[in-house]
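These are the residues of each chain, in order.
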Amino acid sequence: MSETSTSDGALVRVEGVDKVFHRGAEEIHVLAGLSLQVPDRQFLALMGPSGSGKSTLLNLLGGLDRPTQGTVTVGGERIDQLSDRQLARWRARHVGFVFQLYNLMPVLSAERNVELPLLLTDLSKAERAEHVRTALAIVGLSQRAKHYPRTLSGGEQQRVGIARAIVTDPTLLLCDEPTGDLDRKAGDEILDLLQALNREHGKTVLMVTHDPHASARAARTVHLDKGQLREEGAK
Amino acid sequence: MKFLPLIWSNLKRRKLRTLLTVLSILVAFVLFGLICAIQHALVGGVDMAGADRLIVRHKVSLVISLPGSYQQTIDKIPGVAGSAHLTWFGGIYQDAKNFFPQMAVVPQEILDTYPKVVLSPEQKKAWLNTRTGAVAGRATAKRFGWKVGDRIPITTAIWTKADGSQLWDFDLVGIFDGQDKATDTTPLWFRYDYFDEGRVYDKGHVGWYVIRVKDPSQAVAIAKRIDDQFANSPAETKTEPEGAFVQSFAKQIGNIGLIAEGIMGAVFFTILLVAGNTMSQSVRERTGELGALKAIGFTNGQVLCQVMAESCLLAGVGGVLGLGLAWAFVLQGDPTKGLLPFFYIPPDNLLIGLGICLALGVATGIVPALQAMRLRVADALRRM
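Scope of this entry: the structure provided in the associated data block. (Residues numbered from 1 in each chain as written. Chains lettered and ligands numbered in written order. Predicted model: local features only at pLDDT ≥ 70, side-chain atom pairs only at ≥ 80, totals over all residues. Heavy atoms only, no water.)

**Some points on the overall build of chain A**
Turning to step 1, where the next piece is worked out: Broken down by element type, chain A carries seven helices and 10 strands.
Turning to step 2, where the next piece is worked out: Approximately 10300 Å² of chain A is accessible, and the part contributed by carbon and sulfur atoms is 47%. (Helix = DSSP H or I, 4+ residues; strand = E, 2+ residues; numbered from the N terminus. Areas by Shrake-Rupley, 256 points an atom, 1.4 Å probe, with all protein chains shown as cover.)

**Brief notes about the overall build of chain B**
Turning to step 1, where the next piece is worked out: What chain B contains, in helices and strands, is 14 helices and 13 strands.
Turning to step 2, where the next piece is worked out: Classification of the 384 residues of chain B by burial places 50% in the buried group.
Turning to step 3, where the next piece is worked out: Within chain B, contacts between residues at least 6 apart in sequence are counted, and of these 80% link residues at least 24 apart.
Turning to step 4, where the next piece is worked out: Summed over its atoms, the accessible surface of chain B is roughly 17700 Å², and 62% of this surface lies on carbon and sulfur atoms. (Buried < 20%, exposed > 50% of the residue type's maximum accessible area, 1.4 Å probe, protein only. Contact = heavy atoms within 4.5 Å.)

**Things to note about the interface of chain A and chain B**
Turning to step 1, where the next piece is worked out: Each partner contributes to the interface: chain A provides 26 residues, whereas chain B provides 24 residues.
Turning to step 2, where the next piece is worked out: The junction of chain A with chain B conceals about 2200 Å² of combined surface from both sides, 65% of it contributed by carbon and sulfur atoms.
Turning to step 3, where the next piece is worked out: Area buried by chain A at its contact with chain B is led by A:Val107, A:Leu119 and A:Leu120, which between them contribute 24% of it.
Turning to step 4, where the next piece is worked out: Here chain A and chain B share one salt bridge between them.
Turning to step 5, where the next piece is worked out: Of the charged contacts, one joins A:Asp65 and B:Arg376 as a salt bridge, the two residues approaching to 3.2 Å between their closest N and O atoms.
Turning to step 6, where the next piece is worked out: Counting every contact that joins chain A to chain B gives five residue pairs in polar contact (both at pLDDT 80 or more). (Buried area = accessible area lost by both parts, 1.4 Å probe. Salt bridge = Lys/Arg side-chain N within 4 Å of Asp/Glu carboxyl O. Polar contact = N/O pair within 3.5 Å; in protein donor to acceptor, adjacent residues only side chain to side chain.)

**Observations concerning the sheet that holds strand 7 (residues 172-176) of chain A**
Residue and element names in this part refer to chain A.
Turning to step 1, where the next piece is worked out: One open sheet accounts for six strands, arranged 6-7-8-3-9-10; its pairing is mixed. Across the chains shown, the open sheet's two edge strands, defined by having one partner strand only, are strand 6 (95-98) and strand 10 (228-231). Between one strand and the next, the sheet's axes are offset by a mean angle of 20 degrees, whatever the strand orientation.
Turning to step 2, where the next piece is worked out: In this structure, strand 9 (residues 220-225) lies alongside strand 10, joined through four bridges in antiparallel fashion. Within strand 10, the position partnered with Asp225 by the bridge is Gln228.
Turning to step 3, where the next piece is worked out: Packing of helix 5 (residues 154-166) onto the sheet brings it into contact with strand 6 and strand 7, and relative to strand 6 it is tilted by some 170 degrees. (Pairing = 2+ DSSP bridges. Axes fitted to C-alpha atoms, helices over the stretch in contact; angles between N-to-C directions.)

**A word on the pairing of strand 8 (residues 204-209) of chain A**
Residue and element names in this part refer to chain A.
Turning to step 1, where the next piece is worked out: A large share of strand 8 lies buried, amounting to six of its six residues.
Turning to step 2, where the next piece is worked out: With burial as the criterion, each face of strand 8 is covered, one bearing Thr204, Leu206 and Val208 and the other bearing Val205, Met207 and Thr209.
Turning to step 3, where the next piece is worked out: Pairing between strand 3 (residues 43-47) and strand 8: five bridges, direction parallel. The partner of Ala45 across the bridge, within strand 8, is Met207.
Turning to step 4, where the next piece is worked out: Note that strand 7 and strand 8 share five bridges and pair parallel. The residue of strand 8 that forms the bridge with Asp176 is Val208.
Turning to step 5, where the next piece is worked out: Of the crossover connections in this fold, the one passing from strand 7 over helix 6 (residues 184-199) to the parallel strand 8 is right-handed. (Right-handed = clockwise from strand over helix to strand, strands pointing away.)

**As for a nonpolar patch on the surface**
Residue and element names in this part refer to chain B.
Turning to step 1, where the next piece is worked out: Taken together, the side chains of Leu16, Leu19, Leu20 and Leu23 present a nonpolar region at the surface, about 390 Å² in accessible area.
Turning to step 2, where the next piece is worked out: Tracing the backbone shows Leu20 in helix 2 (residues 15-48).
Turning to step 3, where the next piece is worked out: Residue classification places Leu20 among the partly exposed positions, given a relative accessible area of 49%. (Patch = residues over 30% accessible without salt bridge, like charges linked within 9 Å, V, L, I, M, F, W, Y side chains within 5 Å.)

**Thoughts on the packing of helix 5 of chain A against helix 6 of chain A**
Residues and elements named next belong to chain A.
Turning to step 1, where the next piece is worked out: Orientation of helix 5 relative to helix 6, taken along the N-to-C sense of each, is 20 degrees, at an axis distance of 9 Å. Our classification of the angle between helix 5 and helix 6 gives roughly parallel. For the pair helix 5 and helix 6, the sense of crossing is right-handed. Between helix 5 and helix 6, the contacting residues are Gly155, Gln158, Arg159, Ile162 and Ile166 on the first element and Ala186, Glu189, Ile190, Leu193, Leu194 and Leu197 on the second.
Turning to step 2, where the next piece is worked out: When the residues that make up the contact of helix 5 with helix 6 are grouped by side-chain class, the tally is seven nonpolar, two polar and two charged. (Parallel < 35°, antiparallel > 145°, perpendicular 65-115°, else oblique. Left-handed = near helix turned anticlockwise from the far one by under 90°. Nonpolar A, V, L, I, M, F, W, Y, C, P; charged D, E, K, R; others polar.)

**Details of the pattern of salt bridges**
Turning to step 1, where the next piece is worked out: By the definition in use, this model includes 29 salt bridges over all chains.
Turning to step 2, where the next piece is worked out: A salt bridge links B:Asp379 to B:Arg376, with the nearest nitrogen and oxygen atoms 3.0 Å apart.
Turning to step 3, where the next piece is worked out: Classification of B:Asp379 as partly exposed rests on a relative accessible area of 27%.
Turning to step 4, where the next piece is worked out: Salt bridges here are not isolated pairs; linked through shared partners, they connect A:Lys19, A:Asp65, B:Arg376 and B:Asp379.

**A few points about the packing of aromatic side chains**
All names here are of chain B.
Turning to step 1, where the next piece is worked out: Per the stated rule, a full pass over the model turns up 26 aromatic pairs over all chains.
Turning to step 2, where the next piece is worked out: Between Phe100 and Phe144, the aromatic rings sit 5.4 Å apart at their centres with planes inclined by 55 degrees, giving tilted as the arrangement. Within this pair, whereas Phe100 is found in the loop between strand 4 (91-92) and strand 5 (102-105), its partner Phe144 is found in helix 6 (residues 138-144), the two being separated by 44 residues in sequence.
Turning to step 3, where the next piece is worked out: Given a relative accessible area of 1%, Phe100 falls into the buried group.
Turning to step 4, where the next piece is worked out: With a centroid separation of 5.9 Å and an interplanar angle of 65 degrees, the aromatic rings of Phe190 and Phe195 are classed as edge-to-face.
Turning to step 5, where the next piece is worked out: Given the relative accessible area of 0%, Phe190 is considered buried.
Turning to step 6, where the next piece is worked out: According to the relative accessible area criterion, Phe195 is buried, its value standing at 0%.
Turning to step 7, where the next piece is worked out: Pairwise contacts between aromatic rings join Phe89, Trp159, Trp168, Phe170, Phe190, Tyr192, Tyr194, Phe195 and Tyr201 into one cluster.
Turning to step 8, where the next piece is worked out: Directly above the aromatic system of Trp168 lies the positively charged group of Lys161, at a separation of 5.4 Å from the ring centroid.
Turning to step 9, where the next piece is worked out: A cation sits over an aromatic face here: Arg199 above Trp159, 5.0 Å from the ring centre. (Phe/Tyr/Trp six-rings, centres within 6.5 Å; stacked < 30°, edge-to-face > 60°. Lys NZ or Arg CZ within 6 Å of the ring centre and 35° of its normal.)

**Notes on the pairing of strand 3 of chain A**
Residue and element names in this part refer to chain A.
Turning to step 1, where the next piece is worked out: Counting buried positions along strand 3 gives five out of five residues, so the element sits mostly inside the fold.
Turning to step 2, where the next piece is worked out: Taking every second residue as pointing to the same face, both faces of strand 3 are buried, with Phe43, Ala45 and Met47 on one and Leu44 and Leu46 on the other.
Turning to step 3, where the next piece is worked out: Sheet topology note: the strand 3/strand 9 ladder contains four bridges and is parallel. Counted as the bridge partner of Leu44 is Arg220 from strand 9.

**Quick word on the packing of helix 1 (residues 4-11) of chain B against helix 12 (residues 300-331) of chain B**
Residue and element names in this part refer to chain B.
Turning to step 1, where the next piece is worked out: The contact between helix 1 and helix 12 brings their axes to 10 Å, and the two run at 65 degrees. Like other packed secondary-structure pairs, helix 1 and helix 12 cross with a definite hand, here right-handed. Between helix 1 and helix 12, the contacting residues are Leu6, Ile7, Trp8, Asn10 and Leu11 on the first element and Gln306, Ala309, Glu310, Leu313 and Leu314 on the second.
Turning to step 2, where the next piece is worked out: Broken down by class, the residue content of the contact of helix 1 with helix 12 amounts to seven nonpolar, two polar and one charged.

In C-alpha cells:
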C-alpha cells in the first residue's frame, strides 16, 4: 500500500458527493449522493452512457473541479477543501492525466511535452532529461523523442500523453477515454501499457470508457447512470 | 528561464502571424527612433543651449536688426560676463537646396562665447588676420569637400554690395570641431567687419546678441535689466534664454513636440490593436492546451505569467530590433546634410523606447492573460 493511502487501504474515497451545474435558472444534478472507494494500486474502469457524469466524477477526483456537496479524499488529503493554487500543486505532485485527444502541445517535441510537468519541480535540467528518458522508455518511444506530435500516429501521441502523465511518478492515473480516438490495435497497445503501469509500476488507474473491451482490462468496473454508481463486481 | 522554450515555441506556433506582428512593432519603433532623432534635431538645441547664455533680439521680430552700439551698453550691465553678436546672411552655395547657416561674427567674441568650438591656434590667428576669412564647421566642410585655403563664393538675396552684386567671396582659413556631438558644426562664420563694410544698407546693425552671464541663477534678472535698458528706444529688445530662442526658431515650422507625439500616439495605438489581436487569437486557439497545462499542475498565476511573457517577448523582440535599426540609421548622420545638425537619438529616448516596449507587451498581453488565467480547466479541456 502506498504511503498516501488511508488506513483502510483506499487511495480514493468519495463520500456523499453531489455535483450540480447551473444553466441559467435551471439546476442540473449530475451526481447525487455518490460514494466510491478505490483501493491503492487498483485498475478501475468507470463506464456509463454519455451525460452520466463520468467525466465530472473524474474531474472531481483529479482536483479539476469541486463537488457541490460531499467530500473527496485522495491519499488521505481532503482535496475538495483545497484552494485553486493548492489544487494545482497537488495535481502536479499526485495525479497524472491521460486525455482522449492526448492534449499535447503541438509546438513542442515529444520529449518537451513529457518534460512539461517537471518544469514545476526543482529538478535540474539534467535530472529532468533523465526522467523524460525513463518515461519515454517505459512507453516505448525512446526513438521518437525528438518528433513533434503531428509526425506521430494517434497511438504514439497517446503514449507521449501517458509518458507525460507518469513522468513525475504520480500515485494516481486518471484516464478519460484513453482509447476513444484510436483504432483497436493502437487501443489495445495503450490498454496493455496502462495494465503494465498498474501491475508493474503500482499505479492506481481510474479509466473512463464507453468500451466494454477496454473495461475488460480493468480489475474492477463500476457503472455510472443518472448520478448513481453500480458495481459490476471485482475480477 | 526553464519556461523560455515553452514561451518561444508558442510564438513560433503561427510563424507568419508572429513575423508580421513583430515587423509591425519593429516599424513602429523604427519610426519612434527616427522621430525622436528628428525632434531632437529640431528642438534639441534647446537642451544643448547653455544655461549661462541669453539671446537679445529685437522685441518685434527676429528678422529686425539691432544697433551695433547696444553692445557697449549691454557689456556694462551688472551680471553680464561678455557678449557676441551674429547677423544672419541667408546665402546660397551653388544650389538653393545646399542649406547651411552662415553668419557674420566677430572672431574673438564668438570663440569666447562658444568655448566648446575647437579651432586650432594657427587657424584662429589666420582668421584674425584675414578680413575675408571665414571658418566652417566640420560637418559643412566635409559635406562640400572644403579644405583650408579654398575660396567660397556665396550668393545672398538679402545683402547687396556697393557694386550691386550679391555674390560674396570668403577665404576659408579654418575648420572647427565641437568638443562633443552636441556642438553644432554646420555654420559658416565670417568676419563682421568685412561684411559690414561691403553691404549697402543696415550698416552698423547686427542680427542678435548672445550674452554670457556670470551667474546663471541671475539670468532672469539680467534679462530684465537688459530689456529695461532699451525700453522706449526705437529698437526695443527681447531677452530670453538661449534655449527659448532656439525653440522659437524651431516653432517657425510648427509645434514639433505636438506633431511628433501625435504621430507616435497614432502609431502605437494601432500597434496596440495589432499586437493585442495577435495575443488574443493566440490564446483563443489554444484554450485546450492551456487547460491541459492547468490539469498537469500549472497554477493560474503561472498561466497568466506565460501569456504575459509571450506578449512582452513579442513586443521586446520587435521593439529592440526597431530601436536598433533606427539607431543604425541615425549613426549614418544627418540625412538632410545640414538641416538637422543634432540628428541622433538621445540615450534617455532609447530608455523611454525600451519602457514603451515593456508597456506595449503588458498592455497587449494583460487581457488575454487574464482570460487564460480565468479559464476553468474542465471547460478548457472540452475545447481541445
